[in-house]
Structure formats: structure tokens, C-alpha cells
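Analysis of the macromolecular model
Listed below are the residues making up each chain.
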Amino acid sequence: MTKSKISRRTFINTTAIAGIGLAIVPHFNILKSKPKMYHTIIGHGDFKYKVHKSWGDLDRAVTPVKNCHEMVMDSKGRLIMVGDNTKNNILIYDKSGKLLDSWGIRYKGGHGLSLWNDGSEDFLFICDAKGESLIKTTTDGRELMLIEHPSQYGAYEKKDAFKPTESAIGPNGDIYIADGYGSNYILQFTKDGEFIRKIGSGRGTEKDQFQTAHGVCIDYRGDGEPTLLITSRAANCFKRFTLDGTYIEQIEVPGAFVCRPVIHDKNLYAGVCWSSDIDYVEGDQSTHPFKTSPKSGFVTILDEKGKVVSNPGGTKPKYKKGKLQRMVQDQPIFRHCHDVCIDNDENLYVCQWNANKAYPIKLERV
């Protein structure tokens, strides 16, 4: 890893961390959980799954959760999840559902989790929406870099809201931060935390604007240059940009309030936080889909051409004259799917928000 100069936003040793109140958290393990399987098969076409509802269940007295926000798989095949319970923001599972490790005591808004390998080591990037920061850490919890409110880098005014929800790391190590609950820009930084640019034109309905820029990822599919895929959740779509911020296209997913895009092999996966049979009108709370379709949600899967091929837990994707029809929850298996992680066997692990403190669910590919 390239060492960066220590500053107010970049620090790489334990002494510096302790000096500003950052901490390395003691670890602990518990016994393996005992997953149970639903007999119902969900999904469509070639993407069907058995549901292991209790795969990630743990002892709530020892390892509680509030919202299970996002999950990634590291180079060792471990499944790492971020949540917003400050007794254990990070949970690390093996594929059987056994808890291997847990840490994190200060991320009150632990929301986004991305993994990047520099060629020799895995690193985590945690978005703390309430803490107004992105934190780079080792997989065992040592904090290496802190990116705080964009006003410190000349990107925002102090009064501008900053509540980061997701990050993605470019091929050269550049950091892209989705300010999904704040001012709805994508902020690009170098790997050492130096600000480069804002991407997009903030909140709105124009092609380069976002209605909740909830997620971002790097799309390496195809023969051309990699691109950014960015969620515009309340507009039921993903938007594609070049890595330097030029708008390319929009991928519609009508009815589906999608969280971050996740690329695995040739396909795009996303948790659908809720679905709605009406259109959301910005500013009109009476039409908010959470009010009309609470406790809904499913997983959606798109192929490399942007066509929806399966909706585990949702209605079968239908196209009329080449246009995708509205998609909604079909089976009450999930409640506000917030993220999906895919392992090497193409099993899925689903994190849920506002789901009665539910632990992650495993979907076994059949």
C-alpha cells in the first residue's frame, strides 16, 4: 500500500487514531448458528434460489444488530457485513453462517461497505451516514484514512448536507463516494484522500441528477473502459457515467427502489428496499412508496445488456414492446432488502433495513 502523508483526514498509525478518539475494538467469537431452509424456491429463469431464513442468526444478547446494511466477500471467502449497532458495526461470517469476528463501536450510521484489494491486502471503506464520513480500515478494524465533510476540501459549503451512503474504488485507487442521503453528488477523491471533482448536478430529474444517489460501483463488463453505475433510487433507475463524470445512459427498473448495484460475472444484482405500484412524486409525501408499500422488497438481477432476468421474492419480469413493466414484491419473504452479496458458488446473501433487527438471509442457488 502506498503510504500517504498524515493530515487532518489521513492517518495511518494507532497513536494518531487514539489521539482523535478513533479506536480499535476488541474481537470476540460465538458458536456456529444453525441455519434453517425454506422449501419454497424463489426467482425466475436460470436464477432460482432456496431460502435459508436463519442462516445468519446469532445470539442477540451477545451480538445484536439494528439494520444489516451491506455485505462484501473478501479474498479469503469471508462474508463481512456493516450495520449501525455500535456494539458491533462489523460482523464477519464464514459461508456456513458461523461468526468469525466482530468489531466497531463508533459508526452510528454504519451504512455503506466496499472492499478493495491493492494487490496484496484487503481494505474496507465504511460510509457512516450519521458521522458524515468515509473511513478506510483494515479487515480487522485498524483505521487508516478518514474523509470528512466535503467543505474541508472545497467541494461543498459548510451548510451543505453530507450523509454518505456508499463508495466504490476505481482501477487506479480513486475513491468515489455517493452522498445519497445528503446533497446527492458523487464525490471523487484520489487514493490518498485528495479531492478531484463532483460528479452529477445534485438532486433533480435531469439526466445527470439523482433522486437519492444511494449506491455506486465500478462496472468492468464489456470491452471498453470501466464505467460508474450509480443508483437513483427514488427514480427507479441506475445511471451510467464515465469515470470522470460524463453521463452515458439510464437503466430503468420501474417500481423497484433499488439500493446499490453489485456486479458479479456478467450480471448486476441489487437489493430492492421497497416496491410500489405508484410513481413517487418528489416532495409529495402522500405518494411516498414507503407509505403505500411498507415492508416490501425483493432482489433484482439484470444481465449484461441491462435486461431484468429474475426477481427473487418479486414478480416475474415482463417486457411489452421492449419496455420493462412495473415490478413489485410477490412473496413476503423479505422486508426492505438493502444489499446483496454473491459468493463464488453464486449463492446470495441478503441484508435488510428496518426488518425487526433481522440478520442476513442466504439464498442458495439451485
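Residues numbered from 1 in each chain as written. Predicted model: local features only at pLDDT ≥ 70, side-chain atom pairs only at ≥ 80, totals over all residues. Heavy atoms only, no water.

1. Details of the overall build of the protein
Spelled out, the test is: Only DSSP runs of H or I covering at least 4 residues are called helices, and only runs of E covering at least 2 are called strands; the numbering of each starts at the N terminus. Two residues qualify as a contact provided that any one of their heavy atoms is within 4.5 Å of a heavy atom in the partner residue. Residue-level accessible areas treat just the shown protein chains as cover; the underlying method is Shrake-Rupley with a 1.4 Å probe.
In terms of helices and strands, the protein carries two helices and 28 strands. Pairs at least 24 apart in sequence give 48% of the contacts found in the protein among residues at least 6 apart. As displayed, the protein has an accessible area near 15,500 Å², and 47% of this comes from carbon and sulfur atoms.

2. Overview of the side chain of Thr-212
Going by this rule: Throughout, exposure labels follow a simple rule: accessible area from a 1.4 Å probe, protein chains only, divided by the maximum for the residue type, with under 20% read as buried, over 50% as exposed, and the rest as partly exposed.
Positionally, Thr-212 belongs in the loop between β14 (195-199) and β15 (216-219). Looking at Thr-212, the relative accessible area reads 13%, which means it is buried. Leaving out residues up to four positions away in the same chain, Thr-212 has contacts with Gly-180, Tyr-181, Asn-184, Arg-203, Thr-231, Ser-232, Arg-233 and Ala-234.

3. Comments concerning the layout of surface pockets
Stated precisely, the cut-off is as follows: A 1.4 Å probe that fits but cannot get out identifies a cavity on a 1 Å grid over protein atoms alone, an open set with protein on both sides within 12 Å along at least five of seven lines counts as a pocket, and a residue lines either if it has an atom within 4 Å of a point. Grid points are joined across faces, edges and corners, and a volume is the space filled by probe spheres set on the points. Three classes are used, and their members are as follows: Ala, Val, Leu, Ile, Met, Phe, Trp, Tyr, Cys and Pro are nonpolar, Asp, Glu, Lys and Arg are charged, and the others, Gly among them, are polar.
Taken as a whole, the largest pocket spans an internal volume of roughly 740 Å³. Lining of the largest pocket is provided by 26 residues; of these, Val-72, Leu-115, Arg-260, Val-262 and Ile-263 occupy positions nearest its centre. Elements represented by at least two residues in the lining of the largest pocket include exactly β3 (68-73), β7 (110-117), β11 (166-169), β15, β20 (262-264) and β26 (337-342). For the lining of the largest pocket, the residue count by class is 17 nonpolar, five polar and four charged.

4. Quick word on the side chain of Asn-236
If you trace the backbone, Asn-236 turns up in the loop between β16 (227-232) and β17 (237-242). Taking the relative accessible area as the measure of exposure, Asn-236 reaches 7% and is therefore buried. Setting aside residues no more than four positions away along its own chain, Asn-236 makes contact with Ile-251, Glu-252, Val-253, Pro-254, Gly-255, Ala-256 and Phe-257.

5. A closer look at the environment of Lys-66
Here Lys-66 shows up in the loop between β2 (47-52) and β3. A relative accessible area of 45% places Lys-66 in the partly exposed class. Placed 17 residues apart in sequence, Lys-66 and Gly-83 show a C-alpha to C-alpha distance of 6.9 Å. Those residues within four positions of Lys-66 in sequence are excluded, and the remaining contacts are Asp-84, Asn-85 and Lys-357.

6. Description of the pattern of salt bridges
The condition is simple: A pairing counts as a salt bridge when a side-chain nitrogen of Lys or Arg comes within 4 Å of a carboxyl oxygen of Asp or Glu.
Scanning the entire structure with this criterion turns up eleven salt bridges. The shortest N-O distance in the salt bridge between Glu-166 and Arg-260 comes to 3.4 Å. You can see Glu-166 sitting in strand β11 and its partner Arg-260 sitting in the loop between β19 (256-258) and β20, a full 94 residues away along the chain. Across the pair, Arg-260 and Glu-166 agree in class, each one buried. Of the charged contacts, one joins Asp-279 and Arg-326 as a salt bridge, the two residues approaching to 3.0 Å between their closest N and O atoms. Residue Asp-279 is found in the loop between β21 (267-275) and α2 (289-292), and its partner Arg-326 is found in the loop between β25 (323-324) and β26; the two are separated by 47 residues along the sequence. Taking relative accessible area as the criterion, Arg-326 reaches 34% and is therefore assigned partly exposed. What emerges from the salt-bridge pattern is a single network uniting Glu-70, Glu-166, Arg-260 and Asp-339.

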